[in-house]
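Chain and residue survey
The chain contents come next:
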Amino acid sequence: MNYHTISEPVPMVAVHAVHPGGRLTSLPLSSPEDAAAYMRGQLAPCVVEHLVMVTVGVDLRPTSQYLIAKGCKDRVEFSMADLLRTALLTGAESVMIFHNHTSGGRPVPSEADLTACRRIHDALALVGIQLLDFLIVSAEGKEFSFLEERISVFSPISKGGMPDEDTELDTAVAGCGA
């Protein structure tokens, strides 16, 4: 059997996963407070931990939202391949990651949260997608923003191009009460 050439162009298929009503909110998620307020009502009442990815446009308005993983009361495990696949299929240029803690009070990131944030950031960076923030929301609706707290990958860059000494990961974690 021989291969045959195709005389007509083959149509390309594009996959778009956008909320049917257009944007999920008309307000931009221009600060950690705005982002937390957007997701608070969805994650705060959850009795098990979730990991949610929200893709945002250049105007910082959400374009799509995906439940990446649902865990148990004190942890959530996720597939990095599923997270990357979802981000790539939606054509995301930047995303925010939301995670919930089922305990009350102001959430404090665990070592697993710190590791997950670093892994997600590095994996997304490999494919040219920017992680804008990693936020944790508690059952009481309080939030913790890795960007706002200058944790890990969100440490400010000094003039030399390296994180400032006073914002190293250990210093930032100790400042959070961990």
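Residues numbered from 1 in each chain as written. Predicted model: local features only at pLDDT ≥ 70, side-chain atom pairs only at ≥ 80, totals over all residues. Heavy atoms only, no water.

1. Regarding the side chain of Ser64
By the secondary structure assignment, Ser64 is in strand E2 (residues 62-70). For Ser64, a relative accessible area of 3% puts it in the buried group. At a separation of 2.4 Å, a polar atom in the side chain of Ser64 contacts the side chain of Thr55. One polar contact links Ser64 to Tyr66, side chain to side chain, over a distance of 3.3 Å. (Helix = DSSP H or I, 4+ residues; strand = E, 2+ residues; numbered from the N terminus. Buried < 20%, exposed > 50% of the residue type's maximum accessible area, 1.4 Å probe, protein only. Polar contact = N/O pair within 3.5 Å; in protein donor to acceptor, adjacent residues only side chain to side chain.)

2. Examining the sheet that holds strand E5 (residues 143-145)
Read across the open sheet, the five strands follow the order E2-E1-E3-E4-E5; overall the sheet is mixed. Because the sheet does not close on itself, it has two edges, and the strands there are E2 and E5. Between one strand and the next, the sheet's axes are offset by a mean angle of 20 degrees, whatever the strand orientation. Helix H3 (residues 111-126) contacts strand E1 (50-56), strand E3 (94-101) and strand E4 (130-138) of the sheet and is inclined by roughly 155 degrees relative to E4. (Pairing = 2+ DSSP bridges. Axes fitted to C-alpha atoms, helices over the stretch in contact; angles between N-to-C directions. Contact = heavy atoms within 4.5 Å.)

3. Some points on the nonpolar core
The biggest cluster of nonpolar side chains holds 29 residues, and the ones touching the most others in it are Leu51, Phe78, Leu83, Ile120, Leu124, Phe134 and Phe146. Those elements giving two or more residues to this core turn out to be E1, E2, helix H2 (80-89), E3, H3 and E4. For this core, the element with the most residues is H3, which contributes six residues. In this structure, Phe78 is in contact with Leu51, Ile68, Ala69, Leu83, Ala116, Arg119 and Ile120, ignoring residues within four places of it in sequence. Core analysis: the second largest hydrophobic core is formed by 14 residues, Met39, Val52, Val56 and Leu135 among them. (Core = buried A, V, L, I, M, F, W, Y, C linked by side-chain atoms within 4.5 Å.)

4. Examining the pairing of E3
By the criterion of burial, E3 is predominantly enclosed, with eight of the eight residues buried. By the alternation rule, side chains of E3 split into Ser94, Met96, Phe98 and Asn100 and Val95, Ile97, His99 and His101, which are all buried. Where E1 meets E3, six bridges bridge the pair, whose relative direction is antiparallel. In the strand pairing of E3, Val52 is matched with Phe98. The pairing of E3 with E4 spans eight bridges and is parallel. Each bridged residue has a counterpart across the sheet, and for Ser94 the counterpart in E4 is Gln130. Between the parallel pair E3 and E4, the chain is carried across by H3, and the sense of this crossover is right-handed. (Right-handed = clockwise from strand over helix to strand, strands pointing away.)

5. Topic: the environment of Ile97
Examined against the element boundaries, Ile97 turns out to sit in strand E3. When the C-alpha positions of Ile97 and Asp133 are compared, they lie 6.4 Å apart, and in sequence the two are 36 residues distant. Every residue in contact with Ile97, bar those within four places of it in the chain, is listed here: Leu51, Val52, Met53, Leu83, Ile120, Leu131, Asp133, Phe134 and Leu135.

6. Description of unusual backbone geometry
We note that Leu60 has phi near 65 degrees; this positive angle belongs to a residue other than glycine. With respect to the element layout, Leu60 can be found in the loop between E1 and E2. The partly exposed category is assigned to Leu60, whose relative accessible area is 28%.

7. Examining the packing of H2 against H3
At a minimum axis separation of 11 Å, H2 and H3 run at an interaxial angle of 45 degrees. Taken together, the axes of H2 and H3 lie oblique to each other. Every pair of crossing elements has a handedness; the one defined by H2 and H3 is right-handed. Contacts between H2 and H3 pair Met80, Leu83, Leu84 and Ala87 from the former with Arg119, Ile120, Ala123 and Leu124 from the latter. (Parallel < 35°, antiparallel > 145°, perpendicular 65-115°, else oblique. Left-handed = near helix turned anticlockwise from the far one by under 90°.)

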